[in-house]
Amino acid sequence: MIEIREIEDSELMDLFHIEQISFLNNYRISTLVDMYGNSSYKFLGIFNRNRIVGYIILLDSIDIYEVIKIAISPNYRKKGLGKKLLNYVLDDLDKNLILEVRVSNKGAINLYESLGFKKINIRKGYYADTGEDGIVYLFSK
Ligand SMILES: CC(C)(COP(=O)(O)OP(=O)(O)OC[C@H]1O[C@@H](n2cnc3c(N)ncnc32)[C@H](O)[C@@H]1OP(=O)(O)O)[C@@H](O)C(=O)NCCC(=O)NCCS
């Protein structure tokens, strides 16, 4: 059974494991704990039989939301869970949503464009580790 709900602090370590295997530039657990304790950040998880298989971290920046991270555990990818999680957020949106993605991340780009996100900017050489560009996408509510 798939469920989407807010993440509890006892589940942060499991989130961190998905984070570590999903990103080159993963957050430290201490950073995630700090963000979790800050009410401007919202942590939502997608659960299979009450086990976290993906998450999204949103930042409420007063006039806009930003997707800080979204990841699905490798074994659960390409099964529609990333789309389900984002759709859950988009269905409930009371302001616009922005995010940034590496130009090489075709899977994520396909996902965002399939949901109606529009490319609004390119940040040249934004990612210091590889020097690649970042694409900024906007979803207008
Ligand atoms: C990006 C990510 C969250 C997508 O989650 P997912 O659950 O695998 O995506 P879904 O199964 O919901 O896919 C939805 C759509 O996205 C696109 N898509 C997803 N993964 C794709 C891939 N690897 N290649 C091409 N298209 C892909 C497809 O258009 C798909 O629609 P379809 O199934 O009708 O073809 C997941 O691949 C992930 O965790 N990646 C590592 C972390 C990351 O890169 N996060 C994004 C940073 S900006």
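Before reading on, note that the structure itself is shown above.
Residues numbered from 1 in each chain as written. Predicted model: local features only at pLDDT ≥ 70, side-chain atom pairs only at ≥ 80, totals over all residues.

1. Quick word on the sheet that holds strand β2 (residues 41–48)
Moving on, step 1. Sheet architecture is open: seven strands sit in the order β1-β2-β3-β4-β5-β7-β6, paired in mixed fashion. A single partner strand is all that each edge strand has here, and the edge strands are β1 (2–6) and β6 (118–123). Here the average twist between neighbouring strands, direction ignored, is 25 degrees. (Pairing = 2+ DSSP bridges. Helix = DSSP H or I, 4+ residues; strand = E, 2+ residues; numbered from the N terminus. Axes fitted to C-alpha atoms, helices over the stretch in contact; angles between N-to-C directions.)

2. A short note on the site of the ligand
Moving on, step 1. Arg 77, Gly 82, Lys 83, Gly 107 and Leu 111 are the nearest of the 19 residues found near the ligand.
Moving on, step 2. Looking at the shell around the ligand, the elements with two or more residues in it are β4 (65–72), α3 (81–91) and α4 (106–114).
Moving on, step 3. The leading source of residues in the shell around the ligand is α4, at six residues.
Moving on, step 4. Looking at the shell around the ligand residue by residue, the classes come out as seven nonpolar, seven polar and five charged. (Near = placed C-beta within 6 Å. Nonpolar A, V, L, I, M, F, W, Y, C, P; charged D, E, K, R; others polar.)

3. Points about the pairing of β1
Moving on, step 1. Counted residue by residue, β1 has zero buried out of five residues, so it is predominantly exposed.
Moving on, step 2. Direction of pairing for β1 relative to β2: antiparallel, over a ladder of five bridges. Within the sheet, the bridge partner assigned to Ile 2 lies in β2 and is Asn 48. (Buried ≥ 20, exposed ≤ 12 C-beta atoms within 10 Å, placed from the backbone.)

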